[in-house]
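# Tertiary structure, described
What follows is the residue order along each chain.
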Amino acid sequence: MTKYVINGGKPLFGELEVSGAKNAAVAIIPAALLVDGQCRIENIPRISDVTMLLGILRQMGAKVNVVNKSAVEIDCSNINGTQATFDDMRRIRASYYLLGALLGRYGKASIAMPGGCNFGGVRPIDQHIKGFAAMGASVGIKNGIVSAETAGRASGATIYFDIVSVGATINIILSSVLAQGRTVIENAAKEPHIVDLASFLNSMGADVRGAGTNIIKINGVRRLAGGSYSIIPDQIEAGTYMAAAAGTGGSVAVKNVIPKHLASISGKLREMGVEVFEGDDAVVVTREAPLRRTNVITLPYPGFPTDMQPQLSAVLCLAKGTSVVTEGVWDNRFKYVGELAKMGGNIQVGGRTAIIEGVAALTGAPLKSCDLRAGAALVIAGLCAGGVTEIEGVEYIERGYEDIVGKLRGLGADIRSIYAPDRSEFSMRTVG
Ligand code: EPU
């Protein structure tokens, strides 16, 4: 079992480079299944979700060559099946993109119901299924396996989503780029990673228009050819370090970002008395004054991202006054507040709303992460708190943050990753 040990209470200073976007990478890697030839993908984050997806593609017969620490070449010309090992698929949410990609390329797919972070109850995929069905697929779910099949190429269709869903938007783009005719997605999600997926596909020969707006039109083409593409920087990783600097105080340059993608996060931090300077591809976050309270509601892009809600809430624990945080995307994304309470945080949750009474200080405590962003929030709280915080469940954090320990240490944080043995083991070993 690996734990993070943080000796908190130190301001952060310095600069760091943000990695490629996790949620773009986990869509673009399955999209390689649609390409007839080799694609080179650059600015790939080194995180466990990516490793897992590349492993799934390999099992399916794809050639995957890791060129260097942030580039891979994938050639799916010789795929030998339309299903991967279900156990691996269950471990990551994004495995459901294999459904859209395999259906689009081979007219047939079976995947295990997706896993990943558990904060929305069942995490339904009804909108994905509705979209596939509109494109002529017969879709069934049995014993936790979702299967979809079309007779020949899928057919273009007009699909209206009842809710704004990132995953459903991506899955229908994937299933429609090689379909017959035109597909129109209405009420589409507008996240930067959707635009990035469309740019990747278009650079390989697809015809996807309107990504980044709520109507996306896809004209099916016969074939996608290989090419090279670089993934956008990770909006949420950047926001996490911005929040960390805001919480601890100090001054941090967060480099390799697209400042426009961070507008809602920068705006909230400014309301809290934090200075955010925007450069061309960097933001500098400086906090010298006490933190001020604010209210926030999470919404689909360009609203404030739900994937930044736990991290911002951790910082608001230290802001003067009462803040109200409303979760507008997921049903159950406040499971981490009990951990913040162990540190002295004062948060009351009712349904999708958290009321946070700011306290003067947090104190270090032994904590357990329950999902990826919750884990990031606990790291931030540990950096802000006086004394020692130990965080278990770091495998969640490492699903989505490349070298978080190294990047924070580069900013002067006292954080270590410790391998703590089971009872059957004899000694402790530091792993990073
Ligand atoms: N929903 C439905 N039916 C569907 C699909 C979604 O009711 O068919 C509901 C969900 O229950 C939720 C809302 O719609 O209440 C939004 O879900 P969405 O489909 O947009 O989420 P997702 O595609 O499953 C992606 C990210 C999440 C991020 C959400 C929202 C990936 C792999 N995951 O999930 O990221 O929270 O969009 O932005 O891209 C994370 O990175 O930590 C993470 C959880």
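Description of the structure in this document. The model shown is predicted, which means the values in this text are computed figures rather than measured ones.

Conventions used here
Residues numbered from 1 in each chain as written. Predicted model: local features only at pLDDT ≥ 70, side-chain atom pairs only at ≥ 80, totals over all residues. Heavy atoms only, no water. Pairing = 2+ DSSP bridges. Helix = DSSP H or I, 4+ residues; strand = E, 2+ residues; numbered from the N terminus. Axes fitted to C-alpha atoms, helices over the stretch in contact; angles between N-to-C directions. Contact = heavy atoms within 4.5 Å. Buried < 20%, exposed > 50% of the residue type's maximum accessible area, 1.4 Å probe, protein only. Lys, Arg positive; Asp, Glu negative; His and termini not counted. Salt bridge = Lys/Arg side-chain N within 4 Å of Asp/Glu carboxyl O. Polar contact = N/O pair within 3.5 Å; in protein donor to acceptor, adjacent residues only side chain to side chain. 1 Å grid on protein atoms, 1.4 Å probe; cavity = no way out; pocket = protein on both sides within 12 Å on 5 of 7 lines; lining within 4 Å. Points joined across faces, edges and corners; volume = space filled by probe spheres on them. Nonpolar A, V, L, I, M, F, W, Y, C, P; charged D, E, K, R; others polar. Domains from an automatic or database assignment.

### Examining the sheet that holds strand β8 (residues 145-149)
The strand order β6-β8-β7 describes an open sheet built from three strands, whose pairing is antiparallel. Of all the strands in the sheet, the pair left with one neighbour each is β6 (108-112) and β7 (138-142). Ignoring which end each strand starts from, the neighbouring axes of this sheet average 15° apart. Inspection of the sheet shows β7 paired to β8 by five bridges, in the antiparallel sense. Bridge assignment links G140 to a residue of β8, and that residue is S147.

### Topic: the sheet that holds strand β19 (residues 346-350)
Ordered by their spatial adjacency, four strands build an open sheet running β17-β18-β20-β19, and the pairing between neighbours is mixed. Bordering the open sheet on either side are β17 (295-297) and β19, each of which pairs with just one other strand. Each adjacent strand pair in this sheet contributes to an overall mean axis angle of 15°, direction not counted. Bridge count for β19 against strand β20 (residues 353-357) is five bridges, and the pairing is antiparallel. Residue pairing in the sheet places V349 in a bridge with A354 of β20. Those strands touched by helix α10 (residues 309-316) are β17, β18 (322-326) and β20, and its axis lies near 170° from that of β18.

### Overview of the side chain of K22
In this fold, K22 is placed in helix α1 (residues 22-31). This buried residue, K22, is left without a salt bridge; D49 holds the nearest opposite charge, at 4.4 Å. A distance of 2.6 Å separates the side chain of K22 from the side chain of N23, its partner in a polar contact. Every residue in contact with K22, bar those within four places of it in the chain, is listed here: P45, I47, D49, D234, L372, R373, R399 and G400.

### A word on the side chain of T294
When you line up the elements, T294 lands in the loop between β16 (282-287) and β17. A residue is classified by how much of its surface remains accessible, and T294, at 4% relative accessible area, is buried. Of note is the side chain of T294, whose polar atom sits 2.5 Å from the side chain of E271.

### Brief notes about the layout of surface pockets
Space inside the largest pocket adds up to approximately 1,000 Å³. When residues of the lining of the largest pocket are traced back to their parent elements, those giving at least two are α1, α5 (126-134), α6 (166-176), α8 (235-248) and α12 (372-384). Residue composition of the lining of the largest pocket, by class: 20 nonpolar, eleven polar and twelve charged. Shared between two domains, the lining of the largest pocket holds at least three residues of each, these being domain 1 (2-19 + 233-430) and domain 2 (22-230).

### Looking at the pattern of salt bridges
Considering all chains together, one arrives at 17 salt bridges under this definition. Residue E73 is joined to R40 by a salt bridge in which the shortest nitrogen-to-oxygen separation is 3.5 Å. Remark: R40 occurs in strand β3 (residues 35-42) and E73 occurs in strand β5 (residues 71-75); sequence separation between them is 33 residues. Between D49 and R399 there is a salt bridge whose closest N-O contact spans 3.0 Å. Remark: R399 occurs in the loop between α13 (394-398) and α14 (404-409) and D49 occurs in helix α2 (residues 48-59); sequence separation between them is 350 residues. Under the relative-accessibility criterion, D49 is labelled buried at 2%.

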